[in-house]
Amino acid sequence: MCSKLLFQTTSQITFLARSGCIGQARKLFDEMPQRDTIAWNAMLSGYNQLGFHNEALSLFHHMRKTGVGPDHFSFTATLSSCAGACDLGNGIKIHTLMVVFGYQSSLPVNNALIDMYGKCLNPSSAVKAFEEINYPNGVSWCSLLFAHANSGQFNVAREVFDVMPKTVNIPGNMLIVGYAQCGEIEMCLDLFREMLENSCQPDQWTFSALVSACTESSEFSYGCMIHAFVIKSGWSSAVEARNSIFSFYAKLGCKADAMKLLEPMEILNLVSWNAIIDAYMKEGDTHKALTAFQRAPEKNLVSWTSMITGYATNGRGDEALSFFADMLRNYLRPDDFTFGAALHACSNLAVLGHGRMVHGSIIQYGFNGYAYVANGLVNMYAKCGDVDGSSRAFNEIYHKDLISWNAMLFAFGLHGKANQALQLYEDMVSYGVIPDKVTFLGLLMTCSHSGLIEKGRLYFESMLSLYGLPHGTDHVACMVDMLGRGGYLAEAKDLAIKYSKTVDSKTVSFEALLRACTTYRDVGMGECVGRALKSLEPQQEISYVLQSNLYCANGQWQEAEMVRKLMADQGLKKIPGCSWIEIRNEVIAFVAGSLSHPYMEELHRIIQFLEFEMRNPCFISFES
């Protein structure tokens with residue numbers, strides 16, 4: 001292959017990779033009859049820039065097998081991929097290989113090495129790499145500072161900051177970002193004041209970091225103060241500062257203030273468009289979010305993930321999964337947040353086929369061991385009725401967190417597997433995991449549905465006595481429901497009244513108690529509870545419906561009709577019941593009172609046939 005053709009092909013690979021067409025770039029690369037180090041570096045850089053870090057590492061190992069010697073560009077790109085993937089094991093191997101090839105004196109390679117150790121949370125190795133540099137530059141110092149800040153070693157990071165050359169302008173912003181990520185808003189502001197006192201002029205990146213810190217900590221007053229300082233300092237037209245302020249107002253629910261910032265903005269960058277999409281989705285306006293997505297001149301993973309997350313949280317799971325599929329077709333690599341959003345959509349739809357499709361992609365991209373993604377898998381399989389799938393996903397999690405245990409506990413509880421749920425709790429405690437309020441909610445729900453009243457009482461008491469967790473609305477409601485189901489109506493009523501002054505809402509407990517009164521036909525107590533519910537929430541139909549059901553269960557048809565009439569006079573309507581079933585990856589819904597289903601006649605015939613068989617078992621013949 002002549003040098004001119006080799007150069008042209010390598011240039012085309014670089015162009016395709018920068019355009020996001022990484023699949024086409026790799027196809028062209030694989031078809032090259034011969035490749036030099038520059039061609040390999042072009043492909044490595046393409047993978048790295050688009051976030052395909054594992055593919056970059058695999059390509060580097062393939063490069064070594066073919067006998068092509070890596071240069072400092074190869075090592076820089078590969079170390080960046082190790083940093084992006086947080087792959088310390090491969091990073092150490094590349095470090096060793098770097099020394100073998102004699103690149104330990106290369107400043108760009110050493111800077112990439114410090115960055116890799118910092119992002120892999122190994123600051124001690126980052127310090128050693130820094131100490132081996134004879135003449136560190138600004139990038140070296142900033143990478144070292146980041147290594148300590150990223151690991152939460154703020155005292156050491158501050159020491160590095162104090163001895164850094166004054167010619168380096170970035171470290172103050174970097175330290176503010178580090179403080180912000182850990183929610184240390186006061187430390188951010190103290191450092192900002194110190195920068196001003198030392199005549200260090202803040203720039204748009206400083207203000208962007210400060211506003212982001214206020215956003216993360218939800219400190220509205222501090223955010224407004226920084227916004228005023230931005231305007232006073234003349235940075236209000238800077239895109240990065242404006243984007244951060246827009247995100248601040250949007251996240252804290254000030255949609256009108258956020259949208260006002262867009263009006264004078266002449267230049268919108270990618271971050272601006274992503275913030276707009278996110279704001280519209282949080283407002284529930286999916287149409288405007290889609291319009292903004294389509295208008296954006298360029299899109300990245302954040303843009304796509306915002307759309308998927310927004311559709312999923314707004315109950316439009318089909319559109320969320322459609323966007324997920326389109327994203328994969330555009331050769332964008334999903335991250336753990338993207339998969340989490342897609343799994344949330346599958347959970348809402350309760351379509352197992354779609355969930356398995358997303359699970360396949362998770363395995364393909366190597367995210368099946370990530371706790372955040374695996375927790376979503378546990379929940380998805382449970383919502384789709386596959387508790388065995390939940391259990392398999394749970395067992396594959398490398399490092400289980402509290403959310404993992406809670407998700408599996410709820411999965412067992414929802415499917416009536418009380419023994420497995422309670423045993424899981426014992427295993428969780430034995431592993432040293434401290435339960436939280438969600439854990440006890442799952443335990444009480446399990447005990448309620450399985451009639452384990454004594455167990456439920458013990459968990460309810462131990463929640464406060466052993467772990468110091470106060471009883472919330474849902475915990476009390478679960479206990480009332482459990483006692484009511486078991487026929488302990490007087491105890492359930494006493495519990496509901498006892499906590500009515502301490503929990504946020506007492507209506508949930510009274511609703512559970514009224515249902516129990518219906519089950520056991522206790523009209524006296526039911527009427528009392530029903531009146532209490534009406535006075536608490538007169539515009540809610542649930543109290544009328546439950547009291548009507550109570551009278552019907554007791555054969556008091558006239559009283560039931562009077563309650564229904566009163567409900568109609570108030571202009572209240574009962575939300576019709578709905579059930580659904582998944583057939584061939586499609587959810588078929590049935591709404592009470594609706595006759596619009598296309599197979600309604602066939603369904604009626606089958607129901608009549610089943611009813612006849614149940615009422616006349618003597619006509620059923622069994623084959624041996």
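None of the values given here were measured: they were computed from a predicted structure.

For the rest of this paragraph, the subject is the packing of aromatic side chains. This structure, assessed with the given rule, holds 19 aromatic pairs. Between Phe339 and Phe367 the ring centres are 5.5 Å apart and the planes differ by 55 degrees, which places this aromatic pair in the tilted class. Within this pair, whereas Phe339 is found in helix α21 (residues 336-349), its partner Phe367 is found in the loop between α22 (352-364) and α23 (371-383), the two being separated by 28 residues in sequence. Phe339 sits in the buried class, given a relative accessible area of 0%. On the basis of relative accessible area, Phe367 is assigned to the buried category, the value being 8%. Here the aromatic residues Phe60, Phe75, Phe101 and Tyr103 are joined through ring pairs into a cluster of three or more. Positioned over the ring face of Phe29 is Arg35, at 4.5 Å from the centre of the ring. The ring of Tyr488 has Arg457 sitting right over it, with the charged end atom 5.0 Å from the ring centre.

With that settled, the discussion passes to the packing of α23 against helix α24 (residues 387-395). With their axes 7 Å apart at the nearest point, α23 and α24 run at an angle of 170 degrees to one another. In this view, α23 runs roughly antiparallel relative to α24, as classed from their interaxial angle. Where α23 approaches α24, its residues Ala374, Leu377, Val378, Tyr381 and Ala382 are matched on the opposing element by Val387, Gly389, Ser390, Ala393 and Phe394. Considered class by class, the residues forming the contact of α23 with α24 number eight nonpolar, two polar and no charged.

Per the UniProt record, "repeat: PPR" (unreviewed entry) is annotated on residues 36-70, 168-202, 269-299, 300-334 and 401-435. Here residues 269-299 runs as 77% helix and 0% strand, with 10 Å between its end C-alpha atoms. The span residues 401-435 carries 74% helix and 0% strand; its end-to-end C-alpha distance comes to 11 Å.

Once that is clear, we can look at unusual backbone geometry. We note that Cys86 has phi near 50 degrees; this positive angle belongs to a residue other than glycine. Looking at the element boundaries, Cys86 is found in the loop between α5 (72-85) and α6 (88-100). Positive phi outside glycine occurs at Leu121, with the angle close to 60 degrees. Note that Leu121 resides in the loop between α7 (107-119) and α8 (123-131).

In this fold, His359 is placed in helix α22. Its relative accessible area of 13% is what places His359 among the buried residues. The contact partners of His359, leaving out residues within four places of it in the chain, are Leu377 and Tyr381.

Before going further, it helps to spend a moment on the confidence of the model for the protein. Here the protein averages 81 in pLDDT, and 81% of its residues register 70 or above. Mean pLDDT across the secondary structure elements of the protein bottoms out at helix α16 (residues 255-262), with 57, and peaks at helix α26 (residues 418-430), with 94.

Along its 13 residues, α22 runs 18 Å from first to last C-alpha, staying within 8% of the 18 Å computed at 1.5 Å per residue. Among the residues of α22, those classed as buried are Leu352, Gly355, Val358, His359, Ser361 and Ile362. Positive backbone phi, at 75 degrees, marks Gly366, one or two positions downstream of α22.

A separate point is helix α4 (residues 53-65). When the terminal C-alpha atoms of α4 are compared, their 19 Å separation across 13 residues agrees well with the 18 Å that a helix rising 1.5 Å per residue should span. The set of residues buried in α4 consists of His53, Ala56, Leu57, Leu59, Phe60 and Met63. Projected down its long axis, α4 carries its buried residues within an arc of 160 degrees, all on one side.

This part takes up the side chain of Thr10. Topologically, Thr10 is positioned in helix α1 (residues 3-18). Setting aside chain neighbours within four positions, we find Thr10 in contact with Met32, Ile38, Ala39 and Ala42.

A few words now on the environment of Asp87. On the secondary structure map, Asp87 appears in the loop between α5 and α6. The partly exposed category is assigned to Asp87, whose relative accessible area is 21%. Asp87 sits 33 residues away from Asn54 along the chain, and the two C-alpha atoms are 9.1 Å apart. In this structure Asp87 touches Leu57, Cys82 and Cys120, once residues within four positions along its chain are discounted.

A word on the pattern of salt bridges. Side chains carrying opposite charge are able to pair once their charged atoms draw close together. By the definition in use, this model includes 13 salt bridges. For Lys288, the salt bridge goes to Asp285, with nearest N and O atoms at 4.0 Å. For Lys288, a relative accessible area of 43% translates into the label partly exposed. Notably, a salt bridge pairs Arg356 with Asp386, separated by 3.6 Å at the nearest N-O pair. Here Asp386 lies in the loop between α23 and α24 and Arg356 lies in helix α22, a separation of 30 residues in the sequence. Members of the salt-bridge network, linked through shared partners, are Glu454, Arg457 and Glu491.

Here the focus is the environment of Glu396. Along the chain, Glu396 turns up in the loop between α24 and α25 (402-414). Relative accessible area serves as the criterion here: at 40%, Glu396 is assigned to the partly exposed category. Separated by 26 residues in the primary sequence, Glu396 and Tyr370 have C-alpha atoms spaced 9.2 Å apart. For Glu396, the contacting residues outside a window of four places in its chain are Asn368 and Gly369.

Looking now at the nonpolar core. Ranked by internal contacts, the top residues of the largest apolar core, which has 87 residues, are Met307, Phe339, Val358, Ile362, Met408, Tyr459 and Val480. The dominant element in this core, judged by the number of residues it contributes, is α23, at eight residues. Counting 68 residues, the second-largest nonpolar core is a separate cluster that includes Leu57, Tyr117, Val160 and Leu175.

Calculation criteria
- Residues numbered from 1 in each chain as written.
- Predicted model: local features only at pLDDT ≥ 70, side-chain atom pairs only at ≥ 80, totals over all residues.
- Heavy atoms only, no water.
- Phe/Tyr/Trp six-rings, centres within 6.5 Å; stacked < 30°, edge-to-face > 60°.
- Helix = DSSP H or I, 4+ residues; strand = E, 2+ residues; numbered from the N terminus.
- Buried < 20%, exposed > 50% of the residue type's maximum accessible area, 1.4 Å probe, protein only.
- Lys NZ or Arg CZ within 6 Å of the ring centre and 35° of its normal.
- Axes fitted to C-alpha atoms, helices over the stretch in contact; angles between N-to-C directions.
- Parallel < 35°, antiparallel > 145°, perpendicular 65-115°, else oblique.
- Contact = heavy atoms within 4.5 Å.
- Nonpolar A, V, L, I, M, F, W, Y, C, P; charged D, E, K, R; others polar.
- UniProt positions renumbered as here; feature names shortened; annotations may be inferred.
- pLDDT = per-residue confidence, 0-100.
- Expected span 1.5 Å × (residues − 1).
- Arc of directions from axis to C-beta.
- Salt bridge = Lys/Arg side-chain N within 4 Å of Asp/Glu carboxyl O.
- Core = buried A, V, L, I, M, F, W, Y, C linked by side-chain atoms within 4.5 Å.

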